[in-house]
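Per-entry structural report
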Amino acid sequence: MISKGLMNLIDGKKIAKEIREELKADIQKLIDDGKGVPGLAAILVGDDPASKIYVKSKGKACDEIGMRSITEEIPASISEAELLKIIESYNNNPDYHGILVQLPLPDHIDDDKIIESVSPQKDVDGFSPVSVGKLVIGKDTFRSCTPAGIQELLIRYNIDTKGKHLVVVGRSNIVGKPIANIMLQKKEHANSIVTICHSAAPDISEFTKQADILIAAIGVPEFVKADMVKDGVIVVDVGINRLEDSSKPKGYRLVGDVAFDEVAEKASYITPVPGGVGPMTIAMVLKNTYKAFINFGG
Ligand code: GUN
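Residues numbered from 1 in each chain as written. Predicted model: local features only at pLDDT ≥ 70, side-chain atom pairs only at ≥ 80, totals over all residues. Heavy atoms only, no water.

Describing the sheet that holds strand 3 (residues 68-74)
Pairing is parallel in the open sheet, where three strands are placed in the order 3-2-4. Single-partner strands in this sheet number two, and they are strand 3 and strand 4 (98-101). Here the strands of the sheet are splayed against their neighbours by 15° on average, with no regard to which way each runs. Inspection of the sheet shows strand 2 (residues 39-45) paired to strand 3 by seven bridges, in the parallel sense. When the bridges of strand 3 are listed, Ala-41 appears paired with Ile-70. Sheet contacts for helix 2 (residues 49-65): strand 2, strand 3 and strand 4; angle to strand 3, the most-contacted strand, approximately 160°. (Pairing = 2+ DSSP bridges. Helix = DSSP H or I, 4+ residues; strand = E, 2+ residues; numbered from the N terminus. Axes fitted to C-alpha atoms, helices over the stretch in contact; angles between N-to-C directions. Contact = heavy atoms within 4.5 Å.)

This is the structure we're talking about:
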């Protein structure tokens, strides 16, 4: 185990850029070979500010690597039936190989019904029951983008995961459950001993203190403190929280689910917020869209 004082920052921004550059070259090759270009359709319902930013960044990232993209901006008042029709039209549109429905959806729309309506062949978010089921039984499938991005960071920093105790804090369908399932696989770059802990634990630090690799995906600002981890821990912080800060021009600053400064003192590796896991999510949406194109025979 690496001892205190040798902390390495895991630079997600840099790795995400590397992935985008690799994909740009892959797409250029498809074009040169006359095979066409992958396309991503993003569906944004309503005007949640965070969702808007996410979808806009995704469109920009597609443009930069030469991928086709379209964003359907739909008013929050749309009926579930109308939304299902739009998704069905993209399921049948050969120019778009990936479909992403940005969550959360308005309350009158059933998220599960919408997620299930996306063709599993175009499910670049990896949210459909087909994708989730295949992941759990270890079959090749689309893996949701944030967890896939976390594994990619561990791979590119040569972090050994086999037999390591990987503790996930948080049990969401978007991060906690899929990252646990990915890292549990009896495969290269996984094969970890996985624990998922969550808000029902009487003392969550009982679990976090055991982690060789700690994935924090709770959604509580600076929840993980230095006294909750052991020396040499590898920390992946999935949280993006706004904390009021009048000294900042925007009146807030972004913090993760980990108290960065104090935990970094004990960690051998740690992801920052921002610039850690966040940029990886978009890079993996692009990677999944490329994969969808290839699966379609591109
Ligand atoms: N909302 C929060 N994270 C995500 C994500 O990864 N994909 C989609 N579609 N919606 C989200």
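Don't stop here, the text continues.
Overview of the nonpolar core
Ile-150, Ile-159, Ile-215 and Val-238 are the most contacted members of the largest nonpolar core, which has 52 residues in total. Per element, the largest residue contribution to this core is nine residues, and it comes from helix 10 (residues 278-295). Among all residues touching Ile-150, those that are not within four sequence positions of it are Val-175, Ile-179, Ile-215, Val-236, Val-238 and Val-277. (Core = buried A, V, L, I, M, F, W, Y, C linked by side-chain atoms within 4.5 Å. Buried < 20%, exposed > 50% of the residue type's maximum accessible area, 1.4 Å probe, protein only.)

Description of empty space enclosed by the protein
Overall, the coordinates contain one cavity of 30 Å³ or more when judged by the stated rule. When its volume is computed, the largest cavity comes out at roughly 70 Å³. Lining of the largest cavity is provided by Ile-99, Leu-100, Val-101, Ile-114, Ile-115, Val-118, Asp-123, Asp-125 and Phe-127. Among the elements that take part in the lining of the largest cavity, strand 4 stands out by supplying three residues, more than any other. By residue class, the composition of the lining of the largest cavity is seven nonpolar, no polar and two charged. (1 Å grid on protein atoms, 1.4 Å probe; cavity = no way out; pocket = protein on both sides within 12 Å on 5 of 7 lines; lining within 4 Å. Points joined across faces, edges and corners; volume = space filled by probe spheres on them. Nonpolar A, V, L, I, M, F, W, Y, C, P; charged D, E, K, R; others polar.)

As for the pattern of salt bridges
Scanning the entire structure with this criterion turns up twelve salt bridges. The partner of Lys-60 in a salt bridge is Glu-64, with the nearest N and O atoms 3.8 Å apart. Here Lys-60 pairs with Glu-64, and both are found in helix 2, just four residues apart, close to one helical turn. Overall, Glu-64 belongs to the partly exposed group, its relative accessible area being 41%. The structure contains a network of salt bridges with shared partners spanning Glu-18, Glu-22, Glu-152 and Arg-156. (Salt bridge = Lys/Arg side-chain N within 4 Å of Asp/Glu carboxyl O.)

Let's talk about the site of the ligand
Close to the ligand lie Leu-100, Val-101, Gln-102, Leu-103, Asp-125 and Phe-127. Contacts to the ligand include Leu-103, whose backbone N or O atom sits 3.0 Å from a nitrogen atom. Notes on the ligand: free accessible area 280 Å², of which the protein chains cover 81%. Looking at the shell around the ligand residue by residue, the classes come out as four nonpolar, one polar and one charged. (Near = heavy atom within 4 Å. Polar contact = N/O pair within 3.5 Å; in protein donor to acceptor, adjacent residues only side chain to side chain. Areas by Shrake-Rupley, 256 points an atom, 1.4 Å probe, with all protein chains shown as cover.)

Here's the deal with the state of the cysteines
Cysteine pairs can be linked by a disulfide, which is a covalent bond between their two sulfur atoms. In total, this model carries zero disulfides according to the counting rule given. The thiol of Cys-145 is not disulfide-bonded; the next cysteine sulfur, from Cys-62, is found 11 Å away. (Disulfide = S-S within 2.5 Å.)

Nothing here speaks to function; it is all geometry.
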